[in-house]
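# Secondary and tertiary structure notes
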Amino acid sequence: MKRLLALLRHGKGLRHAPVVHEAPVAFAPRVMLQGLPGGPLDVSRDHCPVSLRPFVLGLRLPSPPDPRRALSLEFRMADGEASLLARLALKPFGRISLKQDGLHLFAPDCTANRCLPRPALWFRYLLAWQDARRAAGRGDALRMSAPDLRALNAYYIVPRPVFLVGVAHEECVNLFPMDLVAPLPSDAYVLALRATSPAVQMIEASGRIAMSSAPAGRLEEVYALGRQHGRSTLDLQTLTLPITRSPLFGLPVLDQAGLTRELSVEAVHRIGSHALFVTRIEREAGQAGRQLAHVSGMYVEWLRRRARPCETLGAL
């Protein structure tokens, strides 16, 4: 009883579980945009996170949607199963020009999540609301709202692979994990980094980024790098991860078999709590292999109830 009372008092966040992401990803859902005049549009490869406060996502669309139409994003199994996993009702938030088409921005207006039975789902939401209400006292600088946390958890039904991002400018250097990254067609790549991060100024000044796939087998070392995210510079010699310099830009990347990618920045947009970097891929080599990724904990539970494969790292 004491544990339950403490849980109700302090709340609990909606967890994104660490999982192994290895191609082909059997548990990756299809993402469908509903409400267009021509019928549903598969945007599984055309969406990206943009900001967390407020929660904003981007969709690459060939033409501007009619603002009078009610749009929603649906997450369904990709193997033909008709199960609806979640739905996000969308409201327009703006547009970013790209070389091809445009990145249309939306803020979720309402979230429907089918990954848990309704009583269990609403109990989780109650705990998440309490957790969000106490964010200021806990020292949480981001302080996402409870509705945005619900929408974000549904959005993470799509696995988000984790990359180590290497940046440098003058005497400063840093390496940190990120999962708010996404490829777009025609070698474009976008990264959403919290605007208060010292790395933002480094990237703006240098115009260069290097990425390497975060290995699932080195979870604790990757997370340890994340705890140093707010530092202005990092002594790479103190790291237990093997680090080398990228061939093109000389930025820190993992010295191991895996995917490496070097990017040049084409545009920076400050949207909400984050800076969105629109980049071009200059060099890419290797394969990601068994990569760390984050996925909605409730979706992992849905997969387990149906005996579907999803290798988690640690207890859920």
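Look up: the structure comes first, before these words.
Structure report, in brief. (Residues numbered from 1 in each chain as written. Predicted model: local features only at pLDDT ≥ 70, side-chain atom pairs only at ≥ 80, totals over all residues. Heavy atoms only, no water.)

Attention now moves to the sheet that holds strand β7 (residues 84–97). The sheet built from seven strands is open, its strands ordered β3-β2-β6-β7-β8-β5-β4 with antiparallel pairing. The open sheet terminates on both sides in strands that have one partner only, identified here as β3 (41–42) and β4 (47–52). Across five bridges, strand β2 (residues 30–34) lies against strand β6 (residues 71–76) in antiparallel orientation. Bridge pairing in β6 places Gln-34 opposite Ser-72. (Pairing = 2+ DSSP bridges. Helix = DSSP H or I, 4+ residues; strand = E, 2+ residues; numbered from the N terminus.)

Below, the discussion takes up the pattern of salt bridges. Within this structure, the stated rule accounts for 15 salt bridges. Here Asp-46 makes a salt bridge to Arg-60, at a shortest N to O gap of 2.9 Å. With Asp-46 in the loop between β3 and β4 and Arg-60 in strand β5 (residues 55–61), the pair connects residues that are 14 residues apart, well separated along the chain. Both residues of the pair, Asp-46 and Arg-60, belong to the buried class. The shortest N-O distance in the salt bridge between Arg-68 and Asp-66 comes to 3.0 Å. You can call Arg-68 exposed: its relative accessible area is 76%. Residues participating in the shared-partner salt-bridge network are Glu-22, Arg-290 and Glu-311. (Salt bridge = Lys/Arg side-chain N within 4 Å of Asp/Glu carboxyl O. Buried < 20%, exposed > 50% of the residue type's maximum accessible area, 1.4 Å probe, protein only.)

Let us now look at helix α2 (residues 118–133). The terminal C-alpha atoms of α2 lie 22 Å apart, and with 16 residues this matches the ideal 22 Å at 1.5 Å per residue to within 8%. Turning to α2, its buried residues are Leu-121, Tyr-125, Leu-127, Ala-128, Gln-130, Asp-131 and Ala-132. (Expected span 1.5 Å × (residues − 1).)

Before going further, it helps to spend a moment on the packing of aromatic side chains. Following the criterion strictly, the structure yields four aromatic pairs and no others. Geometrically, the ring pair formed by Trp-122 and Tyr-125 is edge-to-face, given 5.2 Å between the ring centres and 90° between the ring planes. Taken together, the residues span about one helical turn, with Trp-122 and Tyr-125 both in helix α2 at a distance of three residues. Overall, the relative accessible area of 4% leaves Tyr-125 in the buried class. The structure contains a cluster of three or more aromatic residues connected by ring pairs, namely Phe-55, Phe-75 and Tyr-155. (Phe/Tyr/Trp six-rings, centres within 6.5 Å; stacked < 30°, edge-to-face > 60°.)

What follows concerns the environment of Leu-85. Position of Leu-85 among the secondary structure elements: in strand β7. Expressed as a C-alpha distance, the spacing of Leu-85 and Val-25, which sit 60 residues apart in the sequence, is 17 Å.

Summarising burial for strand β10 (residues 163–169): six of the seven residues are buried, a large majority. Judged from the seven bridges that link them, β10 and strand β11 (residues 172–178) form a sheet pairing that is antiparallel. When the bridges of β11 are listed, His-169 appears paired with Cys-172. Looking at chain direction, β10 and strand β14 (residues 208–213) are connected through four bridges and run antiparallel. Its bridge partner lying in β14, Val-165 is registered against Met-211.

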